[in-house]
Amino acid sequence: MRPAHPTEQAVGMEHYVSDTEGVGGHLRERDDHFRVRELERFDTEPLDASTDAYPHLVFRATLRGWDTNDFAARLSDALGISRERIDWAGTKDKYAVTTQLFSVYGAAPGDLPVIEGVDVEIVGRAGRGLEFGDLAGNEFELVVSDPARPDNAAAITEELRAFGGLDTADRGDADGESPVSIGVPNFFGQQRFGSRRPVTHEVGLAIARGDWEGAVMAYLGNPTEAEPEGTQEARAFVEETRDWQEALERVPHRLRYERSMIHALAENEGEPGPDEFRTALERVPSNLQRLFVHAAQSYAFNLMLSERVERGLPFDRPVAGDVACFSDTDAPDALELPDTERLQRVDERRVKSVTRHCERGRAFVTAPLVGTETDLADGEQGEIERSVLADLDLEPADFDLPGEFHSTGTRRAILVRTDVRFETDPLTFEFALPKGSYATVVCREYLKVDPVCLG
């Protein structure tokens, strides 16, 4: 069992499941070396449909060098509207070429501004804004720059095929010329926590424990060497002094979320208490508030998967006590999409039947993203879940939180399978993943490098 990079271990990814030495190299040397296109499932009406019944304008944007949140902020500024009137189904990275849907409440096509690095295609109108459930998955085309051992991709593919329970009878050969079915643990990738400064889960853990001050300081402080020197100094100043007015002079303007929190704290007379620190957290966009708690849930999930790897339990089929979910029958062709609303506990009598469903891509073993309505598994997986939560001093009731921080929880498949196609000159990977799964979690098995190199 090959240990993961220390930065990955810090967010719960303890191991690689392939033992072959990585190909090395890095991703995103250029934005067009990381291409993402959404697999959509959202119905729209024609553009001339009634704006009373269909007030949301829907458009497809191809973004070059734009983070989804940054683009939404730029768009809302240009339109002179609240950012809350702009919706999308999935958040994409800045250093990429990404194609995704957006909806804007109350906008007309002529209102959309011309923004550098953005191509817009008007799709139609809708009666509601986009939601996460409207995204089925994403297609990826990734180029690896400066690989040291590109030929190792074939051996790694064979190992990932075996891990996913896919034997040589399954379609594809690991020669890169045709798609090959592989499987990897469905970890939350480094981006969930911060590629260069993985602290988002620490904020969420503090929130779940009711430590509002600790949550704010985890976000404002915690300088890391991956940041510019001036940013490190500003974070250290905040940690040491709690001088909010002076912090506004020192914290760079590009750290707008940090500055929003600091502004809220600077407005108070005297020392801020728990209510004031909570108010500061609520100054950031609602989706970021949710992300803090989601990151804490994701960290616990990653730890559970790592423990399952260590115990040698299978990912492609259940053992007694597991909780399985079934597939989404409306998923696009060739995309295995779990439906976590359709759950079944797997007792001894059901192990064989659920295993057959898993082999056919019709069912998936799950682990929890813990929230107020979470029921933990039984058997050995249940032991893992309870042990991880005990170590983190968490329980489901801790997520009964105010406002956007509240979470009822859900479950998530522990294995993601996909058909991968690769070429070695240049080293390029093409594959599709269901919503919520990370391309970098596939790529980390191939590259085995510092996650900063994965972007």
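Engineer: What exactly am I supposed to notice about the environment of V354 here?
Structural biologist: Along the chain, V354 turns up in helix 11 (residues 351-359). Taking relative accessible area as the criterion, V354 reaches 2% and is therefore assigned buried. Along the sequence, V354 and I384 sit 30 residues apart, while their C-alpha atoms lie 21 Å from each other. With near-sequence residues (within four places) excluded, V354 lies in contact with P318, A324, Q344, V346 and A363.

Engineer: Got a minute to help me understand the pattern of salt bridges in this structure?
Structural biologist: Two side chains carrying opposite charge are able to pair once their charged atoms lie near each other. The final tally for this structure, using the stated rule, is 31 salt bridges. Measuring nitrogen to oxygen at the nearest pair gives 3.0 Å for the salt bridge that ties R60 to E121. One end of the pair, R60, is in strand 4 (residues 56-64); the other, E121, is in strand 7 (residues 118-126), and 61 residues separate them in sequence. You can call R60 buried: its relative accessible area is 14%. With a relative accessible area of 43%, E121 lands in the partly exposed category.

Engineer: Would you mind showing me how to read a negative patch on the surface here?
Structural biologist: Judged by side-chain charge, E141, E423, D425 and E430 come together as a negatively charged surface patch. Secondary-structure assignment places D425 in the loop between strand 14 (415-424) and strand 15 (427-434).

Engineer: Help me understand helix 8 (residues 256-266), please; the structure alone is not making it clear to me.
Structural biologist: Owing to its 3.6 residues per turn, the α-helix aligns residues three or four sequence positions apart on the same side. Burial runs high along helix 8: 8 of the 11 residues are buried. By the burial criterion, the buried members of helix 8 are Y257, E258, R259, M261, I262, A264, L265 and A266. Looking at the buried residues of helix 8, the elements they touch are helix 2 (68-79), helix 5 (212-220), helix 6 (229-241), helix 7 (244-250), helix 9 (274-281) and helix 10 (286-311).

Engineer: Explain unusual backbone geometry to me, please; I cannot follow it from the model alone.
Structural biologist: Backbone geometry follows two general trends: most residues other than glycine have a negative phi, and most peptide bonds adopt the trans configuration. The omega angle of the peptide bond from D425 to P426 is -5°, so this bond is cis rather than trans. With respect to the helices and strands, P426 occurs in the loop between strand 14 and strand 15. Positive phi is not limited to glycine here, since N222 has a value of about 55°. Within the secondary structure, N222 is located in the loop between helix 5 and helix 6. Judged by relative accessible area, N222 falls into the partly exposed class, the value being 25%.

Engineer: What's the story with the nonpolar core in this structure? I'm lost.
Structural biologist: Looking at soluble globular proteins, one finds that nonpolar side chains tend to be buried together. In terms of nonpolar packing, the biggest core is built from 96 residues, with I207, L281, F292, F431 and Y446 touching the most fellow members. Here the element with the most residues in this core is helix 10; it accounts for 12 residues. When neighbours within four sequence positions are excluded, F292 is seen to be in contact with T200, V203, G204, I207, Y219, M261, L281, V284 and F405. If you look at the next biggest cluster of nonpolar residues, it comprises 18 residues, including L57, L75, I81 and W88.

Engineer: Please clarify how a positive patch on the surface should be interpreted in this entry.
Structural biologist: A cluster of basic residues, K352, R356, R360 and R362, forms a positive patch on the protein surface. Topologically, R362 is positioned in the loop between helix 11 and strand 12 (363-369). Residue classification places R362 among the partly exposed residues on the basis of a relative accessible area of 45%.

So, how was this worked out
- Counting from 1, residues in each chain are numbered in the order their sequence is written.
- Side-chain atom pairs in this predicted model are given and counted only at pLDDT of 80 or more, local residue features only at pLDDT of at least 70, and totals for whole chains, interfaces and linings cover all residues.
- Just so you know, side-chain values use all the structure's heavy atoms and leave hydrogens and water out.
- Strands are runs of DSSP state E lasting at least 2 residues, helices are runs of H or I lasting at least 4, and numbering of each runs from the N terminus.
- Here the term buried applies to any residue with accessible area under 20% of the maximum for its type, exposed to any over 50%, and partly exposed to those in between, with areas from a 1.4 Å probe on protein chains only.
- Contacts are assigned to residue pairs with any non-hydrogen atoms lying within 4.5 Å of each other.
- The working definition used for a salt bridge is a side-chain nitrogen of Lys or Arg within 4 Å of a carboxyl oxygen of Asp or Glu.
- Within the patch definition used here, like charges are joined within 9 Å and nonpolar side chains (Val, Leu, Ile, Met, Phe, Trp, Tyr) within 5 Å, considering only residues with over 30% relative accessible area and no salt bridge.
- Accessible areas in this description were obtained via Shrake-Rupley with a 1.4 Å probe; residue shielding takes into account the shown protein chains only.
- Here the positive residues are Lys and Arg and the negative ones are Asp and Glu; neither His nor the chain ends is included.
- Positions of charges follow a simple convention, taking NZ of Lys, CZ of Arg, CG of Asp or CD of Glu.
- Only buried residues count toward a nonpolar core. Its members are Ala, Val, Leu, Ile, Met, Phe, Trp, Tyr and Cys residues joined through side-chain atoms within 4.5 Å.

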